[in-house]
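Read off the chains here:
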Amino acid sequence: MTRLAAALALATLGLLMIFGSAAAQGAGESITIQINALNGSGESGTATLTGNSDQTTTVVLNLTGAPTDAQPADIHAGTCSNLDPNPAYSLTNVQGGQSTTTVAASLETLVNGGFAINIHHSAQMVSVYDACGQITLAGAQLAPVTGHATGAATLPAAELFLLAVSLLGAGALLRRRVA
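All values reported here derive from a predicted model rather than from experimental measurement. (Residues numbered from 1 in each chain as written. Predicted model: local features only at pLDDT ≥ 70, side-chain atom pairs only at ≥ 80, totals over all residues. Heavy atoms only, no water.)

> Please explain the overall build of the protein as it appears in this structure.
When helices and strands are counted, the protein shows 3 helices and 9 strands. Seen in sequence order, the protein has helices and strands lined up from the N terminus as α-β-β-β-β-β-β-α-β-β-β-α. Partitioning the contacts of the protein with sequence separation of at least 6, the portion at a separation of at least 24 is 60%. Summing over all exposed atoms, the protein offers an accessible surface of approximately 9,800 Å²; the carbon and sulfur share of this is 60%. (Helix = DSSP H or I, 4+ residues; strand = E, 2+ residues; numbered from the N terminus. Contact = heavy atoms within 4.5 Å. Areas by Shrake-Rupley, 256 points an atom, 1.4 Å probe, with all protein chains shown as cover.)

> In this structure, what is going on with the nonpolar core? I would like to understand it.
Core analysis: the biggest nonpolar cluster contains 22 residues, and L49, L61, I75, I117, I119 and I135 have the highest contact counts within it. When residues of this core are traced back to their parent elements, those giving at least two are β1 (30-37), β2 (44-51), β3 (57-64), β4 (71-79), β5 (82-94), α2 (107-112), β7 (115-120) and β8 (129-135). (Core = buried A, V, L, I, M, F, W, Y, C linked by side-chain atoms within 4.5 Å. Buried < 20%, exposed > 50% of the residue type's maximum accessible area, 1.4 Å probe, protein only.)

> I tried to follow the environment of T48 on my own but got confused; where do I start?
Along the polypeptide, T48 turns up in strand β2. As for T48 and N62, which are separated by 14 residues in sequence, their C-alpha atoms are 8.4 Å apart. If near-sequence neighbours (up to four positions away) are discounted, T48 is found in contact with S30, I31, T32, T58, V59 and V60. In terms of polar contacts, T48 uses its side chain to reach the side chain of T32, at 3.1 Å. (Polar contact = N/O pair within 3.5 Å; in protein donor to acceptor, adjacent residues only side chain to side chain.)

> What should I look at first to understand the state of the cysteines in this one?
Think of a disulfide as a covalent bridge from one cysteine sulfur atom to another cysteine sulfur atom. What the rule picks out here adds up to 1 disulfide. Here C80 is linked by a disulfide to C132, with a sulfur-sulfur distance of 2.2 Å. Handedness of the C80-C132 disulfide follows from its S-S torsion of about -85 degrees: it is left-handed. Note that C80 is positioned in the loop between β4 and β5 and C132 in strand β8, a separation of 52 residues in sequence. C132 gets classed as buried once you look at its relative accessible area, which sits at 2%. (Disulfide = S-S within 2.5 Å.)

> What am I meant to see in the side chain of T32 here?
Inspection of the secondary structure puts T32 in strand β1. For T32, a relative accessible area of 16% puts it in the buried group.

> It is not clear to me how the environment of I117 should be interpreted in this structure. Could you clarify?
Here I117 shows up in strand β7. Judged by its relative accessible area of 0%, I117 falls in the buried class. When the C-alpha positions of I117 and P87 are compared, they lie 9.5 Å apart, and in sequence the two are 30 residues distant.

> Would you explain the pairing of β2 in this entry?
The two faces of a sheet get side chains in turn, since along a regular strand they alternate between them. As paired elements, β1 and β2 share 6 bridges and run antiparallel to each other. By the bridge assignment for β2, I33 is matched with A47. Hairpin connection, β1 to β2: the antiparallel pair is bridged by 6 residues, and N39 has positive phi, about 55 degrees. Sheet topology places β2 next to β3; 8 bridges connect them, and they run antiparallel. Each residue of the ladder has a partner; that of T48, found in β3, is V60. Hairpin connection of β2 to β3: 5 residues between the antiparallel strands, including Q55 at a positive phi of 65 degrees. (Pairing = 2+ DSSP bridges.)

Have a look at this one:
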């Protein structure tokens, strides 16, 4: 392998570490989507989805106009106007307008998978939908990574060190080739 090829390989390795790290992030990132009333229910509110480091997502529902009785809630494939009737992920029943659940899917999977959150009228009337919200970045409120004002991807110190070593090594190899 020539020195130029080795230098390029080291530089590429450093860049892959940066972009691989940024792509792997998601833990702590969240989106908030609008939940809209259906069938004259008067229920509306938000769902906040937060990615966790173990590739799960915590879903927090906050609805106004909801009854005090428990309402089943699920994540379905499809859109609010055309849901797959079989839930992809079950959520904790909404009680008094509130629900918190951790589902076994990454935030990226939910955002990119064509899913919607659906709130049913009651356990006895699951075919009646009271509210729904499409899980998508369009129109969602994005929350930054906790502790970072812009939500930009950051690199741990170890990865920055490896990147610096890779780039210094690539520079040294190129310098020798020029000399």
